[in-house]
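The primary structure of each chain is shown beneath.
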Amino acid sequence: MAKKRVAVLISGRGSNLAALIAAAEAPDYPAEIVFVLSNRSDAGGIAFASQRGIATAVVDHARFGKDREAFEREMQTELERRQIDIVCLAGFMRLLTPWFVGRWDGRMINVHPALLPAFKGLDTHERALAAGVKIHGATVHFVVPDMDAGPIIAQAAVPVAEDDTPDTLAAQVLKVEHIIYPLALRLVAEGRVTVVDGRARIAGRASSTSPLVVPEAG
Ligand code: GRF
């Protein structure tokens, strides 16, 4: 089967982008990262992708003022031009309108640095520590119009240590993000994930590819 053509949308450093690119280098990986789009020209991931010969573009949201849809229409044009099958949000820091989300229904996924539905939104590690949770983690989910609310495809947990700070916890969570994001993209690209009653169901789960709980990723 032809590999799915994937665009990764970023706003910053791009470590999840790098993990996806690395995974997609495996010959049997069902997707290829063909395009990286950022709303910020200074996003580190843009330079990283161009060094690897991947097409990149910047659509600066600031040019569009408050008109979110105009910004998204330009992104949509870029994505269509490159015949993208699947969009991965990886640290993309713009809220998306129902119009754009609808264009990519079932074909757009996001990584969130918490065990959803806990800790939606920003500053997840600070809030996890303040809440005193003993287990934290990461989630990859389909994108729906409500923020951080779509069907969950994969999750991984990390233990919270007594002396964790938001930064040390973020570093632990980031390690498992880099494991579950390529895993989730593989499952979606293979067509193994369907959404039934708002929940993602994964066909033919094998132990090697199941959504994971990773007690210690090191
Ligand atoms: C990650 O923690 C991701 O979960 C969140 O933003 C961060 C992006 O990091 N949405 P990077 O740009 O992939 O390194």
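Residues numbered from 1 in each chain as written. Predicted model: local features only at pLDDT ≥ 70, side-chain atom pairs only at ≥ 80, totals over all residues. Heavy atoms only, no water.

Engineer: Summarise the overall build of the protein chain; cite the residues concerned and give the values.
Structural biologist: Of the regular secondary structure elements, the protein chain holds six helices and nine strands. In terms of overall dimensions, the protein chain has a C-alpha envelope of 45 × 40 × 40 Å along the principal axes. Looking at the protein chain as a whole, 49% of its 218 residues qualify as buried. A separation of at least 24 residues holds for 62% of the contacts in the protein chain among residues at least 6 apart in sequence. Carbon and sulfur atoms form 52% of the exposed surface of the protein chain, whose accessible area is close to 10,600 Å². (Helix = DSSP H or I, 4+ residues; strand = E, 2+ residues; numbered from the N terminus. Buried < 20%, exposed > 50% of the residue type's maximum accessible area, 1.4 Å probe, protein only. Contact = heavy atoms within 4.5 Å. Areas by Shrake-Rupley, 256 points an atom, 1.4 Å probe, with all protein chains shown as cover.)

Engineer: Before we move on, can you summarise the packing of aromatic side chains with the specific residues and values?
Structural biologist: A complete count under the given rule lists two aromatic pairs for this structure. Taken together, a centroid distance of 6.0 Å and an interplanar angle of 50 degrees make the contact between Phe-64 and Phe-71 tilted. For the pair formed by Phe-64 and Phe-71, the shared burial category is buried. Aromatic side chains Trp-99 and Phe-100 sit 6.5 Å apart centroid to centroid with 45 degrees between the ring planes, which places their arrangement in the tilted category. On the basis of relative accessibility, which here comes to 0%, the residue Phe-100 falls in the buried class. It is Arg-52 that lies over the ring of Phe-48; its NZ or CZ is 3.5 Å from the centre. (Phe/Tyr/Trp six-rings, centres within 6.5 Å; stacked < 30°, edge-to-face > 60°. Lys NZ or Arg CZ within 6 Å of the ring centre and 35° of its normal.)

Engineer: Which residues make up the pattern of salt bridges, and what are the values?
Structural biologist: Two side chains that carry opposite charge are able to pair once their charged atoms sit near each other. Tallied over the entire structure, the rule returns eight salt bridges. For Asp-28, the salt bridge goes to Arg-186, with nearest N and O atoms at 3.5 Å. One end of the pair, Asp-28, is in the loop between helix H1 (15-24) and strand E2 (31-38); the other, Arg-186, is in helix H6 (residues 166-189), and 158 residues separate them in sequence. On the basis of relative accessibility, which here comes to 56%, the residue Asp-28 falls in the exposed class. In this structure Arg-186 comes out as buried when scored by relative accessible area, which is 17%. (Salt bridge = Lys/Arg side-chain N within 4 Å of Asp/Glu carboxyl O.)

Engineer: Give a description of the side chain of Ser-38 that names residues and reports values.
Structural biologist: For Ser-38, the location among the structural elements is in strand E2. Within polar-contact distance, the side chain of Ser-38 engages the backbone oxygen of Ile-10 at 3.1 Å. The contact partners of Ser-38, leaving out residues within four places of it in the chain, are Ile-10, Ser-11, Ala-43, Ile-46, Ala-57, Val-58 and Val-59. (Polar contact = N/O pair within 3.5 Å; in protein donor to acceptor, adjacent residues only side chain to side chain.)

That is the geometry; function is a separate question.
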